[in-house]
Amino acid sequence: MSDSLEDDFAAHALAEDTEDHRWAFGTGFTDALEGVDTRVPDGVDAQALAAYCLMLGDDALILSHRLQQWVTRAPELEEETAIANIALDLLGQARMLLARAGKADGTGRDEDQFAFWREAKEFRNVRLVERADGDFAEMLARLLVFSAWRLAQFDALRSSKDPVLSAIAAKGVKELTYHRDYAARWVVRLGDGTAESHRRMQAAFQTVWPLVDELFLTHRVEAALPQVAPDASTLRSEVDVILDTVLATATLDRPEVPPLAGVGSRYGRDGLHTEAFGYVLAEMQSVARAHTDATW
Amino acid sequence: MVTGNIVTSATVPTGGAVATEAETAWDVAARVPDPELPMVTLAELGILREVKQDGQAVTVVITPTYSGCPAMLEITRDLRYRLRAAGFGDVTVRTELSPPWSSSWITRRGREKLSSAGIAPPNMPGRGNGGPIPLILRLPARDIACPLCGSGHTEEISPFGATACKALYRCRDCAEPFEYMKDI
């Protein structure tokens, strides 16, 4: 594309003095929290709040990207649409949370700076979201665990002292309920299906399970945010009830495998990631880094 | 809430957004069509929350249906463009996230228009009881009439559809697939 044609496109996409801005969706992104009052309430540690929003934002950002990799690869069109919808919801949550982090920490960084310009060790997501799915069953096993956990977390965050976080959570709860129940129905269908689907569903949970314990480790950032962020360990019993119910209905066994160890008590939340993370990050960041002045 | 000049077809008025003297900023903002569901207006969809008017200065408050709604920027630009075209010089569009949008905010007129366009309008969402959110392992049995033939003999194909706010259904009598506006 010639430069002038490219300029034409850019001008066309941004024109607000005609109706031409309707020519395509998503051709420009603004601040996900534009127009939202983002002042940090009195008595809340702004740096800890920013760190916490990064954790939750990174969880959603990376899993969203892994789910997007199913687009054009899902077994049926309806499932592909479902997975893409879930990825879109999570991306929306990530955008708001990253924007919240950039405002709370005082740096003014926007979502793109967080998503595309941080190194792996600066990401604060749990390691559960990192690996590439080996098959459809692995996608479902992880989605069930993740959405059951995140739903419990967001449900608790609805009463957060930070009004922005509580508003993001209240929206997210409605979305995550759909995600969890979608995954749960598929797990039951495959677990209680044929011998082959049962075997693969069980194998998928064996693969995912070592990463479950980490979801419930109390983090010092949560401790610094009383009444703002729930202690992750308090979510365990609620999530266990859901997972055990689904596994039992699906005639699957709850895996008994040791958790993936941290290194010197560091985990995903502390910037320690698995090998798979480098690959997903490279894919996600390469276009932005190759074309530093690009807009979309 | 919505008065007078409602756009009754799916066509988007071009250049016709000229305000009459009596027209308020609310009137102009209220008839802006949703970009993804152009048969209904922002007011009918319940995402237009408030319009504050102070002379030529107008502040519009909108809310997204879903966190990842990709149309927020287009909606913001539409509002600015149409309000400016209607003579309001100073337009600010703000987003409010709380309380979260509910499909029960779609107006009666909006529901009728969705139905006429082949999209089944949402049932009332269930109310939370304050406890943990119940797990629903069966496809929810909703009482949804086929917008094409009126039969109540319908079933869900997928809880997710072509946009974040819709699910896929099919009618077991006329055999046509149709969309259902999710109840959230």
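About the thresholds
- Residues numbered from 1 in each chain as written.
- Chains lettered and ligands numbered in written order.
- Predicted model: local features only at pLDDT ≥ 70, side-chain atom pairs only at ≥ 80, totals over all residues.
- Helix = DSSP H or I, 4+ residues; strand = E, 2+ residues; numbered from the N terminus.
- Buried ≥ 20, exposed ≤ 12 C-beta atoms within 10 Å, placed from the backbone.
- Contact = placed C-beta atoms within 7 Å.
- Core = buried A, V, L, I, M, F, W, Y, C linked by C-beta atoms within 7 Å.
- Domains from an automatic or database assignment.
- pLDDT = per-residue confidence, 0-100.
- Nonpolar A, V, L, I, M, F, W, Y, C, P; charged D, E, K, R; others polar.
- Axes fitted to C-alpha atoms, helices over the stretch in contact; angles between N-to-C directions.
- Parallel < 35°, antiparallel > 145°, perpendicular 65-115°, else oblique.
- Left-handed = near helix turned anticlockwise from the far one by under 90°.
- Pairing = 2+ DSSP bridges.
- Expected span 1.5 Å × (residues − 1).

(A) Geometry of the overall build of chain B. A tally of helices and strands in chain B yields four helices and seven strands. Along chain B, from the amino end to the carboxyl end, the secondary structure elements read α-α-β-β-α-β-α-β-β-β-β. Out of the 184 residues in chain B, the part that is buried amounts to 42%. Excluding contacts between residues fewer than 6 apart, the proportion of contacts in chain B whose partners are at least 24 apart in sequence is 56%.

(B) Inspection of the overall build of chain A at higher detail. Counting its secondary structure elements, chain A contains ten helices and zero strands. Scored against the burial criterion, the 296 residues of chain A give a buried share of 46%. The long-range share in chain A, meaning contacts at least 24 apart out of those at least 6 apart in sequence, stands at 75%.

(C) Geometry of the nonpolar core. Of all hydrophobic cores here, the largest spans 135 residues; its most connected members are Leu 140, Leu 144, Val 145 and Val 187 of chain A together with Ala 29 and Leu 42 of chain B. Of the domains in this structure, domain 1 (1–105) and domain 2 (118–125 + 141–181) of chain B are the two that each give at least three residues to this core.

(D) Inspection of the confidence of the model for chain B at higher detail. Residue and element names in this part refer to chain B. Per-residue confidence for chain B gives a mean pLDDT of 83, with 85% of residues at or over 70. Counted against residues more than four places away or in other chains, residues 1–21, with its pLDDT under 50, gives 32 contacts. For this predicted complex, the interface confidence comes out at an ipTM of 0.77, alongside a pTM of 0.86.

(E) Inspection of the interface of chain A and chain B at higher detail. Across the boundary between the two partners, chain A contributes 44 residues, which contact 34 residues of chain B. Taken together, the residues of the side of chain A that touches chain B sort by class into 18 nonpolar, 13 polar and 13 charged.

(F) Seen up close, the environment of Phe 123 of chain A. Residue and element names in this part refer to chain A. Residue placement: Phe 123 occurs in the loop between helix H4 (111–117) and helix H5 (136–157). Along the backbone, Phe 123 and Thr 72 are 51 residues apart, and their C-alpha atoms lie at a distance of 28 Å. Setting aside its immediate chain neighbours within four residues, Phe 123 contacts Asp 58, Arg 118, Gly 271 and His 273.

(G) Main features of the packing of helix H3 (residues 77–104) of chain A against helix H6 (residues 163–191) of chain A. Residue and element names in this part refer to chain A. Between H3 and H6, the shortest axis-to-axis distance is 11 Å and the interhelical angle comes to 165°. As judged from the angle between their axes, H3 and H6 are roughly antiparallel. Crossing handedness for the pair H3 and H6: left-handed. Seen from H3, the contacting residues are Ala 82, Ile 86, Asp 89, Gln 93, Met 96, Leu 97 and Arg 100; seen from H6, they are Val 164, Leu 165, Ile 168, Gly 172, Glu 175, His 179 and Tyr 182.

(H) Summary view of the domain arrangement of chain B. Residue and element names in this part refer to chain B. With domains assigned, chain B is organised as domain 1 (1–105) and domain 2 (118–125 + 141–181). Every contact between the two is made by eight residues of domain 1 and, on the other side, seven residues of domain 2. Class assignment of the residues belonging to the side of domain 1 that touches domain 2 gives a composition of two nonpolar, five polar and one charged.

(I) Geometry of the pairing of strand E6 (residues 166–171) of chain B. Residues and elements named next belong to chain B. Of the pairings in the sheet, the one linking strand E5 (residues 154–158) to E6 comprises four bridges and is antiparallel in character. Its bridge partner lying in E6, Ser 158 is registered against Leu 168. Taken together, the five bridges between E6 and strand E7 (residues 177–181) define a ladder with antiparallel strand orientation. For Arg 170, the partnering residue across the bridge sits in E7 and is Pro 177. Remark: five residues form the turn of the hairpin made by E6 and E7, two consecutive strands paired antiparallel; Ala 175 in that turn has positive phi of roughly 70°.

(J) Just the packing of H5 of chain A against helix H7 (residues 195–208) of chain A, in detail. Residue and element names in this part refer to chain A. Following both chains from N to C, one finds H5 and H7 inclined at 55°, their axes separated by 8 Å at the closest point. In this view, H5 runs oblique relative to H7, as classed from their interaxial angle. Once H5 is placed against H7, the crossing between them reads as right-handed. From H5, Ala 137, Glu 138, Leu 140, Ala 141, Arg 142 and Val 145 reach across to H7, where they touch Arg 200, Met 201, Ala 204, Phe 205, Thr 207 and Val 208. By residue class, the composition of the contact of H5 with H7 is eight nonpolar, one polar and three charged.

(K) Up close: the environment of Thr 249 of chain A. Of note, Thr 249 of chain A is situated in helix H9 (residues 236–249). The exposure class assigned to Thr 249 of chain A is partly exposed, which follows from the 16 C-beta atoms found within 10 Å. For the pair Thr 249 of chain A and Arg 185 of chain A, spaced 64 residues apart in sequence, the C-alpha separation works out to 9.8 Å. Apart from residues no more than four positions distant in its own chain, Thr 249 of chain A is found in contact with Val 188 of chain A together with Leu 137 of chain B.

(L) A look at the sheet that holds E5 of chain B. The strand order across the open sheet built from four strands is E4-E7-E6-E5 (chain B), with neighbouring strands paired in mixed fashion. Pairing within the sheet leaves two strands with one partner each, and these edge strands are strand E4 (119–120) and E5 of chain B.

(M) Main features of helix H2 (residues 46–68) of chain A. Taking 1.5 Å of rise per residue, the 23 residues of H2 of chain A would be expected to cover 33 Å, and the 32 Å separating its terminal C-alpha atoms lies within 8% of that figure. Of all 23 residues in H2 of chain A, 19 are buried, a share of seventy percent or more.

(N) Seen up close, the sheet that holds strand E3 (residues 90–95) of chain B. Residues and elements named next belong to chain B. What the three strands build is an open sheet, ordered E1-E2-E3; its pairing is mixed. Looking at strand neighbours, the two that pair on one side only are strand E1 (48–54) and E3, the edges of this open sheet. Neighbouring strand axes in the sheet, compared pairwise and without regard to direction, differ in orientation by 15° on average. When E1 meets strand E2 (residues 57–62), the two strands line up antiparallel, connected through six bridges. Within the sheet, the bridge partner assigned to Glu 50 lies in E2 and is Val 61. Contacts from helix H3 (residues 72–85) reach E2 and E3, with the element oriented near 155° to E3.

(O) The arrangement of H7 of chain A in detail. Residue and element names in this part refer to chain A. End to end, H7 covers 20 Å across 14 residues, agreeing with the expected 20 Å (1.5 Å per residue, within 8%). Among the residues of H7, Arg 200, Met 201, Gln 202, Ala 204, Phe 205 and Val 208 are the ones counted as buried. On the buried face of H7, the contacting elements are H5 and H6.

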